Amino acid sequence: MQCSQCHANAVLKLPNSAVSLCRKHFNIYFEKKVRKTIRVYHMIGKQDKVGVAISGGKDSMTLLYVLNNLFKRTKVKLIALAIDEGIKGYRDPEFRFVNEFCKKLDIELKTYSYKKEFGKTLDEITEKDKETIPCTYCGVFRRKILNEKALELGVNKLATGHNLDDESQAILMNQFRKNVRASAIMGPVTGVVDDPKFVRRIKPLYFLTEKEVATFAFLNGILDKFVECPNAELGYRASVRDMLNDFDERYPGTKYNIVSSFLAMLPALKSQQPKEKIKSCSLCGAASSKDVCQACVLLNRVNTFFVHH
Ligand code: SF4
Ligand code: ZN
């Protein structure tokens, strides 16, 4: 397989096209696509302070690496935020790898943990609560910490490593579960409610597939210590992912088509949603659409498991 641009050996055939690219041209293609996503969706402004949520996985590390390439010579500030969920065998509580990586890029790293913020590790919680899948807690808790810390740090954009695969899975999940409201707040830029208590979230890798991100990570030496969370195999998302991978294999372009038809419908979807008033959670004060935020609802649930009789 030859590169369509220079005839060197190609490393990847682009999804949904006849183009194959060598290492050099693939890197150029990749960064260009990220830059275009950022521009088209007005993700990052000249004076922004961007918090990059990094998990130590290939998506978020790639995101940090590319954003650093794109913005290191500008006024845009990058800061990395990492969270220790407290998952045995997955998260290194000392963030050695993440630390090293940020040092190499000369980017400040802030670390947080569920234990410190909520009093329990995710493992401690899911050990007691066998009915709820870990990701339910994890997603809500992570969002809460990221939003709170971003506000404290003066971060006005939060970038996450979500890719096309993640997004197409989430779109299908919402469809399958008739979760229209959740769909209406998705997209490349979320949290667009103009409220000073919500930090806007951006997904610069939105139009790149998992495979493209993995290839980029591998080619640029980002991949070495990546392990997957043991909980990733549980639950609904894993089933949707497997089905979608199988389908995309047989009908290439499926994931991309799911995302682009979703984006075509999104404005209509948004406009038919009732405008929500943003309130303050009566327990923690965080911005919430309900009287008590989802994190506090879950924390209350956690407490019921830890009451001693
Ligand atoms: Fe948390 Fe689930 Fe992701 Fe593991 S797979 S880090 S439990 S959200
Ligand atoms: Zn709350």
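Scroll up for the structure.
This text gives an overview of the structure that appears in the document. (Residues numbered from 1 in each chain as written. Chains lettered and ligands numbered in written order. Predicted model: local features only at pLDDT ≥ 70, side-chain atom pairs only at ≥ 80, totals over all residues. Heavy atoms only, no water.)

Re the overall build of the protein
Piece 1. Assigned secondary structure in the protein consists of 12 helices and 10 strands.
Piece 2. For a compact globule of 309 residues, the expected C-alpha radius of gyration is about 19 Å, and the protein comes in at 20 Å, within 12% of that figure.
Piece 3. Overall size of the protein, expressed as C-alpha extent along the three principal axes, is 70 × 45 × 40 Å.
Piece 4. Looking at the protein as a whole, 50% of its 309 residues qualify as buried.
Piece 5. Across the protein, contacts joining residues at least 24 apart in sequence account for 70% of those joining residues at least 6 apart.
Piece 6. For the protein, the exposed surface amounts to about 16,800 Å²; the carbon and sulfur share of it is 53%. (Helix = DSSP H or I, 4+ residues; strand = E, 2+ residues; numbered from the N terminus. Rg over C-alpha atoms; globule rule 2.2 N^0.38 Å. Buried < 20%, exposed > 50% of the residue type's maximum accessible area, 1.4 Å probe, protein only. Contact = heavy atoms within 4.5 Å. Areas by Shrake-Rupley, 256 points an atom, 1.4 Å probe, with all protein chains shown as cover.)

With respect to the coordination of the zinc ion (ligand 2)
Reference values for angles at a metal are 109.5 degrees in the four-donor tetrahedral case and 90 or 180 degrees in the six-donor octahedral case.
Piece 1. The protein atoms that coordinate the zinc ion (ligand 2) are Cys-281 (SG), Cys-284 (SG), Cys-293 (SG) and Cys-296 (SG), at distances spanning 2.3 Å.
Piece 2. Relative to the metal, the four donor atoms surrounding the zinc ion (ligand 2) lie at angles of 106 to 114°, and the coordination shape comes out tetrahedral. (Donors = N, O, S within 2.8 Å, 3.2 Å for Na, K, Ca; no water. Tetrahedral: all angles 85-135°; square planar, octahedral: opposite > 155°, others 65-115°.)

Some words on the site of ligand 1
Piece 1. In the vicinity of ligand 1, the contacting residues are Glu-85, Ile-87, Tyr-90, Leu-122, Cys-135, Cys-138, Arg-142, Cys-229, Asn-231 and Ala-232.
Piece 2. At three residues, helix 6 (residues 134-153) tops the list of elements feeding residues into the shell around ligand 1.
Piece 3. Each residue belonging to the shell around ligand 1 can be placed in one class, and the counts come to seven nonpolar, one polar and two charged. (Near = heavy atom within 4 Å. Nonpolar A, V, L, I, M, F, W, Y, C, P; charged D, E, K, R; others polar.)

Some thoughts on unusual backbone geometry
Piece 1. The backbone of His-7 sits at a positive phi, close to 70°, despite the residue not being glycine.
Piece 2. Tracing the chain through its elements places His-7 in the segment before strand 1 (12-13).
Piece 3. Even without being glycine, Asp-106 reaches a positive phi, approximately 65°.
Piece 4. Among the secondary structure elements, Asp-106 is positioned in the loop between helix 3 (96-105) and strand 5 (108-113).
Piece 5. Note on Asp-106: relative accessible area 71%, which makes it exposed.

Quick look at the sheet that holds strand 5
Piece 1. Spatially, 5-4-3-6-8-7 is the arrangement adopted by the six strands of the open sheet, whose pairing is mixed. Each edge of the open sheet carries a strand with a single partner, namely strand 5 and strand 7 (189-190).
Piece 2. Pairing of strand 6 (residues 157-159) with strand 8 (residues 200-202) involves three bridges; the strand directions are parallel. Residue Ala-159 lies in a different strand from strand 8, and its bridge partner there is Ile-202.
Piece 3. In the packing of helix 2 (residues 58-71) onto the sheet, the strands contacted are strand 3 (49-54), strand 4 (77-84) and strand 6, and the crossing angle to strand 3 comes to about 155°. (Pairing = 2+ DSSP bridges. Axes fitted to C-alpha atoms, helices over the stretch in contact; angles between N-to-C directions.)

Structural notes on a nonpolar patch on the surface
Piece 1. Together, Phe-176, Tyr-236 and Met-243 make up an exposed nonpolar region whose accessible area comes to about 280 Å².
Piece 2. Note that Met-243 resides in helix 10 (residues 235-250).
Piece 3. Relative accessible area serves as the criterion here: at 36%, Met-243 is assigned to the partly exposed category. (Patch = residues over 30% accessible without salt bridge, like charges linked within 9 Å, V, L, I, M, F, W, Y side chains within 5 Å. Salt bridge = Lys/Arg side-chain N within 4 Å of Asp/Glu carboxyl O.)

Notes on the packing of helix 2 against helix 9 (residues 210-219)
The relative placement of two packed helices is expressed as an angle between their axes plus a distance between the axes.
Piece 1. As a packed pair, helix 2 and helix 9 sit with axes 9 Å apart at the nearest point and diverge in direction by 65°. The chirality of how helix 2 crosses helix 9 is left-handed. Contact residues: helix 2 offers Lys-58, Asp-59, Thr-62, Tyr-65 and Val-66, while helix 9 offers Glu-210, Val-213, Ala-214, Phe-216 and Ala-217.
Piece 2. Among the residues making up the contact of helix 2 with helix 9, the classes are represented as six nonpolar, one polar and three charged. (Left-handed = near helix turned anticlockwise from the far one by under 90°.)

Some thoughts on the packing of aromatic side chains
Piece 1. For the structure on display, the rule yields 12 aromatic pairs.
Piece 2. Judged by centre distance (4.9 Å) and plane angle (45°), the rings of Phe-247 and Tyr-251 are tilted.
Piece 3. Joined through ring pairs, the aromatic side chains of Phe-26, Tyr-29, Phe-30, Tyr-65 and Phe-216 make up one cluster.
Piece 4. For Lys-120, the ring lying beneath its charged end belongs to Phe-306, and the centroid distance is 4.5 Å.
Piece 5. Just above the ring of Tyr-236 sits the side chain of Arg-177; from NZ or CZ to the centre is 4.1 Å. (Phe/Tyr/Trp six-rings, centres within 6.5 Å; stacked < 30°, edge-to-face > 60°. Lys NZ or Arg CZ within 6 Å of the ring centre and 35° of its normal.)

Description of the side chain of Arg-241
Piece 1. Along the chain, Arg-241 falls in helix 10.
Piece 2. Leaving out residues up to four positions away in the same chain, Arg-241 has contacts with Gln-169, Glu-228, Ala-232 and Glu-233.

Thoughts on helix 9
Piece 1. Among the residues of helix 9, Glu-212, Val-213, Thr-215, Phe-216, Ala-217 and Leu-219 are the ones counted as buried.
Piece 2. The positive-phi residue at the C-terminal boundary of helix 9 is Gly-221, with phi of around 70°.

The values are spatial; any link to function lies outside them.
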